[in-house]
Amino acid sequence: KSLPSSFTSGETTAPTECSSLFDYKVLMLKRSSKSKFMPNAYVFPGGVTSGADFASGWKDHFLHHGYNEDDLEALVLKDVDRPMLMKAELDESISRDIALRLAAIRETFEESGVLLIKSSSGSSSQSEAFSFSSSSSLSSWRKQVHSSPDQLLSLYREVGAVPDLWAVKEWSDWLTPTDLNDQGKRRFDTIFYTACLDSIPTTMLDQAEVTAVQWTDPASLLHKFYERQFWLAPPQVYELSRLLNFRDQQDLAQFSAIRHQAGLTTWLPVRMECDDGMLSILPGDSLYPDSPDYAGTSAKKPGPYPGTLDESRAASEQLNRLEFRDTYDCVTRVKGDSQHGHVSPVSFQEFQNKCSNL
């Protein structure tokens, strides 16, 4: 199935009792030290889109398996907020709602060897991972798709299955901050999806972009981050903290299916220095700008906050932010209504306190 100085002095509580509350695990991959963006970070599987994700041949493949254009069109969200990434180009033959899910499925296979196929049960909330006949077959196909993304369609034709677009649910959309200078000029607009499986499938690293894999519950992942055992990028901290709301995979799958229908907007974190740390301000926060500079071209940049993190928090009626005192001291702060039917993250300290009282 699919602790920082802000807390107390000393180590965080051992997560065993907290981890046992979850009946599912999350797939996390460690990026190579040679990666130009977020080297050595533990991240969710994923990557960039390819022209092969928009190939018209996918329509023929789905039709061959009994899914016509109306079935695919039903996957396209309408009359709800959509992130900037979903703005279509004129020459795209497949809707971005479909193409970006295909890209997520492809990149997950390239990086981990997990190939999502439409479940034989027909479930729209539970996916299935294809079981290859041998590790050599899995390795061969993974290398082919990595070298040539259009081979993913060939793979699905070979195994006689379709990608499980139905079980891949939109979760959030994060755009790299405009001033993240330590990562160079590389920026990414990334949609996060969820997909639930009934068991942990075989995984195979690509040994190039990914150097380690972990299937671990959300509490253990956050515990290891706060204990400085590995590093998580801020969006992963925020989203894993959201997952602390769900102890049962079935509840998570049901929630994801309902929330997905409410749409998304693009979240651009706006960073602001304080006297004792850094704020990453998110939409809905009292300090979030009315007109965010998504491209980073405005001459007017957010100035520092004239006070401490605590003072900034006390002066804000609505909170949706991450607070940093160093790169491992990343704490979620949310107060107010969530957007697009989503849940708010649970701070790890709050979650641990609840565990100790059980």
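Reading the values: rules and limits
- Residues numbered from 1 in each chain as written.
- Predicted model: local features only at pLDDT ≥ 70, side-chain atom pairs only at ≥ 80, totals over all residues.
- Heavy atoms only, no water.
- Disulfide = S-S within 2.5 Å.
- Helix = DSSP H or I, 4+ residues; strand = E, 2+ residues; numbered from the N terminus.
- Buried < 20%, exposed > 50% of the residue type's maximum accessible area, 1.4 Å probe, protein only.
- Pairing = 2+ DSSP bridges.
- Axes fitted to C-alpha atoms, helices over the stretch in contact; angles between N-to-C directions.
- Contact = heavy atoms within 4.5 Å.
- Nonpolar A, V, L, I, M, F, W, Y, C, P; charged D, E, K, R; others polar.
- Salt bridge = Lys/Arg side-chain N within 4 Å of Asp/Glu carboxyl O.
- Core = buried A, V, L, I, M, F, W, Y, C linked by side-chain atoms within 4.5 Å.
- Polar contact = N/O pair within 3.5 Å; in protein donor to acceptor, adjacent residues only side chain to side chain.

**Here's the deal with the state of the cysteines**
Then, in step 1: Taken as a whole, this structure holds one disulfide when the rule is applied.
Then, in step 2: In this model, Cys18 is linked to Cys355 through a disulfide, with the two sulfur atoms separated by 2.5 Å. Taken together, the residues span a long stretch of sequence, with Cys18 in helix α1 (residues 16–19) and Cys355 in helix α11 (residues 348–356) at a distance of 337 residues. With respect to burial, Cys18 and Cys355 carry one shared label: buried.
Then, in step 3: Free cysteine: Cys330, not disulfide-bonded; nearest cysteine sulfur from Cys274 at 14 Å.

**Some thoughts on the sheet that holds strand β12 (residues 330–335)**
Then, in step 1: Spatial ordering of the open sheet is given by β9-β10-β11-β12, a layout of four strands whose pairing is antiparallel. Both edges of this open sheet fall to β9 (270–274) and β12, since each of them pairs with a single strand only. Ignoring strand direction, the axes of neighbouring strands in this sheet form an average angle of 25°.
Then, in step 2: In this structure, strand β10 (residues 277–281) lies alongside strand β11 (residues 319–324), joined through four bridges in antiparallel fashion. Among the inter-strand pairings, Ile281 is bridged to a residue of β11, identified as Arg321.
Then, in step 3: Lying on the sheet, helix α8 (residues 234–243) is in contact with β11 and β12; it crosses β12 at an angle near 55°.

**Re the packing of helix α5 (residues 135–147) against helix α6 (residues 151–159)**
Then, in step 1: Orientation of α5 relative to α6, taken along the N-to-C sense of each, is 145°, at an axis distance of 8 Å. When α5 is examined against α6, the residues Trp141, Gln144 and Val145 are found in contact with a partner set consisting of Gln151, Leu152, Ser154, Leu155 and Glu158.
Then, in step 2: A class-by-class count of the residues in the contact of α5 with α6 yields four nonpolar, three polar and one charged.

**Section: the pattern of salt bridges**
Then, in step 1: According to the stated counting rule, one finds 17 salt bridges in the structure shown.
Then, in step 2: Note that Arg313 and Asp310 form a salt bridge whose closest N and O atoms lie 2.7 Å from each other. One end of the pair, Arg313, and the other, Asp310, are both in helix α10 (residues 309–314), three residues apart, so they sit about a helical turn from each other.
Then, in step 3: Asp310 gets classed as partly exposed once you look at its relative accessible area, which sits at 42%.

**Overview of the sheet that holds strand β7 (residues 210–216)**
Then, in step 1: One open sheet accounts for four strands, arranged β7-β1-β2-β8; its pairing is mixed. What marks the edges here is a single partner per strand, and that holds for β7 and β8 (231–232).
Then, in step 2: As paired elements, strand β1 (residues 26–31) and strand β2 (residues 41–43) share two bridges and run antiparallel to each other. In the strand pairing of β2, Lys30 is matched with Tyr42.

**Focus on the pairing of strand β5 (residues 169–175)**
Then, in step 1: With seven of its seven residues buried, β5 lies for the most part within the structure.
Then, in step 2: In this structure, β5 lies alongside strand β6 (residues 189–194), joined through six bridges in antiparallel fashion. The residue bridging Ser172 from the neighbouring strand is Phe192, located in β6.

**Let's talk about unusual backbone geometry**
Glycine aside, negative phi is the norm for most residues, and most peptide bonds take the trans geometry.
Then, in step 1: One non-glycine residue, Arg228, lies in the positive phi region at around 65°.
Then, in step 2: In this structure, His340 is a non-glycine residue whose phi angle is positive, near 55°.
Then, in step 3: Mapped onto the elements, His340 comes out in the loop between β12 and α11.

**So, the nonpolar core**
Then, in step 1: Among the nonpolar cores identified, the biggest contains 40 residues, and Leu232, Leu240 and Phe351 are the most heavily contacted of them.
Then, in step 2: Sort the elements by how many residues they give to this core and helix α7 (residues 218–226) lands first, with five residues.
Then, in step 3: In this structure Leu240 touches Val26, Met28, Phe44, Pro218, Leu221, Leu222 and Leu232, once residues within four positions along its chain are discounted.
Then, in step 4: The next biggest cluster of nonpolar side chains, apart from the first, holds 35 residues, and it includes Phe62, Ala99, Leu100 and Leu152.

**Some thoughts on α8**
Then, in step 1: Counted residue by residue, α8 has nine buried out of ten residues, so it is predominantly covered.
Then, in step 2: Buried within α8 we find Pro235, Gln236, Val237, Tyr238, Glu239, Leu240, Ser241, Arg242 and Leu243.

**Points about the side chain of Ser316**
Then, in step 1: With respect to the helices, strands and loops of the structure, Ser316 is situated in the loop between α10 and β11.
Then, in step 2: Ser316 sits in the buried class, given a relative accessible area of 4%.
Then, in step 3: Among the polar contacts listed, one links the side chain of Ser316 to the backbone oxygen of Ser312, at a separation of 2.9 Å.
Then, in step 4: Separated by 2.9 Å, the side chains of Ser316 and Arg321 make a polar contact.
Then, in step 5: With near-sequence residues (within four places) excluded, Ser316 lies in contact with Asp285, Ser286, Leu287, Arg321 and Lys335.

Interpretation in functional terms is not warranted from these geometric data alone.
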